[in-house]
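Structure assessment
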Amino acid sequence: MLIILKAIEDIAYKIEKAIQHEDLGYSEGQNSSGESQLKLDVRSDAIIEHRFKNVSVIKDIISEEKDEIMHLHDKGKYTVCYDPLDGSSLVDVNLSVGSIFGIYKGSLDGEGLVAAAYVVYGPRVELVWVQKGQKPKLYYAKNQKEFSFVGEITLNEKGNINAPGGTQKHWEPHHKALIDGLFEEGYRLRYSGGMVPDLHQILLKKGGLFSYPGTLDKPKGKLRQLFEVLPFALIYTMAGGEAVDSKGVSLLQLKPDHIHDTSPCFLGSRYEIQAMREAYGV
Ligand code: P6P
């Protein structure tokens with residue numbers, strides 16, 4: 001499986017360069033979620049597809065930017081689901097963005113998720129890798145050739161960062177009570193609109209809550225299960241935190257019906273997930 005980590009390191013360098021030097025305009029296309037595609041989205045997807053074609057253990061790939069599953073290697077064991085450049089619309093206001101990867105073996109669901117990774121393209125390029133049963137590992141791009149291991153990531157029982165997603169006017173009353181309650185306790189608002197840097201910050205600051213709830217306008221939430229919600233659910237759970245849906249059920253029990261299915265999601269330290277359970281009555 002570490003051959004996939006090596007490929008993600010190579011991909012990170014190439015996407016970083018594309019972000020620095022390539023056109024930030026819109027392509028003519030739309031992705032499967034009906035979102036307009038930036039040229040950078042298409043370019044990042046092509047970089048990943050090209051690199052994974054050289055990794056024979058990868059059987060299939062599923063991308064936010066592709067309508068359907070793409071077969072790569074008959075003898076491959078893993079399906080890699082990825083969001084090539086999450087939050088790409090933030091690039092033209094010079095905010096951090098990221099790539100997210102879920103590595104599945106057997107079933108395309110929380111049970112089949114065996115590893116996950118993300119790359120943050122910020123002031124530094126950083127990478128987090130996790131295998132089921134192990135602590136998440138943090139690396140940073142020391143130069144154009146290698147990533148250096150920094151250390152393992154653990155979440156404390158409680159944090160003080162609140163990253164509330166979704167359109168506030170469409171929040172249900174009990175969700176608003178959860179968010180306002182944390183602010184009442186002195187939590188700090190840290191929300192950029194990019195889930196990768198927003199979730200990365202909570203991990204490195206060792207605690208807090210990231211939420212993207214079901215809302216009146218998006219009852220099933222906005223974030224995609226296979227290549228956004230589940231990879232981070234594995235990372236947060238292996239870091240000692242929790243990752244649940246709006247019923248308080250572990251996101252690692254998700255079983256998507258379609259490759260672009262979404263789910264409400266709450267990821268954070270144990271104290272904040274307990275606060276969510278109390279506010280939602282679950
Ligand atoms: P909202 C970026 O488009 C993204 O998919 C995630 O990175 C981010 O958490 C979310 O959407 C932001 O959505 O509705 O809060 O702007």
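Fair warning: this is a prediction, and the values are worked out from it, not measured in the lab.

So, helix α4 (residues 195-204)
- Judged by how many residues are buried, α4 sits mostly within the fold: eight of 10 residues are covered.
- Every buried residue of α4 is accounted for by M195, V196, P197, D198, L199, H200, I202 and L203.
- Of the residues trailing α4, K206 is marked for its positive phi of about 70°.

Considerations on the environment of V150
- As for its position among the elements, V150 is in strand β10 (residues 147-152).
- Accessibility expressed as a relative area gives 47% for V150, which makes it partly exposed.
- Distance in space between the C-alpha atoms of V150 and L138 is 5.5 Å, their sequence separation being 12 residues.

Remarks on the site of the ligand
- In the vicinity of the ligand, the contacting residues are D86, G87, G166, Y191, G193, G194, M195, F210, Y212, K222, L223 and E228.
- At 2.7 Å from an oxygen atom of the ligand is found a side-chain nitrogen or oxygen belonging to Y212.
- Protein contacts shield 79% of the accessible area of the ligand, which totals 400 Å² for the unbound molecule.
- Most atoms of the ligand, that is more than half of them, are within 2 Å of grid points of the largest pocket.

Remarks on the sheet that holds strand β8 (residues 125-131)
- In spatial order, the strands read β4-β3-β5-β6-β7-β8-β9-β10; together these eight strands make up an open sheet with mixed pairing. On the outer flanks of this sheet lie β4 (70-71) and β10, each paired with one strand and no other.
- Here six bridges tie strand β5 (residues 78-86) to strand β6 (residues 97-104), and the two strands are oriented antiparallel to one another. By the bridge assignment, D83 is partnered in β6 with I100.
- Strand contacts of helix α1 (residues 2-21): β3 (58-63), β5, β6, β7 (113-121), β8, β9 (137-141) and β10, with the helix running at about 155° to β8, the strand carrying the most contacts.
- Relative to β5, helix α2 (residues 39-52) is tilted by about 155°, and along the sheet it contacts β3, β4, β5 and β6.

Some points on the side chain of S88
- Relative to the helices and strands, S88 is located in the loop between β5 and β6.
- Note on S88: relative accessible area 9%, which makes it buried.
- Discounting chain neighbours no more than four positions away, the residues touching S88 are L38, D41 and V97.

Thoughts on the domain arrangement of the protein chain
- Each assigned domain of the protein chain is listed with its residue range as follows: domain 1 (2-152) and domain 2 (161-280).
- Between domain 1 and domain 2, the C-alpha centre-to-centre distance is 21 Å.
- Each partner contributes residues to the interface: domain 1 has 43 residues there, and domain 2 has 29 residues.
- Both faces combined, the contact of domain 1 with domain 2 buries some 2700 Å², and carbon together with sulfur accounts for 68% of it.
- Looking at the side of domain 1 facing domain 2, the largest losses of area belong to I100, G110 and Y118, adding up to 18% of the total buried there.

How each quantity is defined
- Residues numbered from 1 in each chain as written.
- Predicted model: local features only at pLDDT ≥ 70, side-chain atom pairs only at ≥ 80, totals over all residues.
- Heavy atoms only, no water.
- Buried < 20%, exposed > 50% of the residue type's maximum accessible area, 1.4 Å probe, protein only.
- Helix = DSSP H or I, 4+ residues; strand = E, 2+ residues; numbered from the N terminus.
- Near = heavy atom within 4 Å.
- Polar contact = N/O pair within 3.5 Å; in protein donor to acceptor, adjacent residues only side chain to side chain.
- Areas by Shrake-Rupley, 256 points an atom, 1.4 Å probe, with all protein chains shown as cover.
- 1 Å grid on protein atoms, 1.4 Å probe; cavity = no way out; pocket = protein on both sides within 12 Å on 5 of 7 lines; lining within 4 Å.
- Sits in = over half its atoms within 2 Å of the grid points.
- Pairing = 2+ DSSP bridges.
- Contact = heavy atoms within 4.5 Å.
- Axes fitted to C-alpha atoms, helices over the stretch in contact; angles between N-to-C directions.
- Domains from an automatic or database assignment.
- Buried area = accessible area lost by both parts, 1.4 Å probe.

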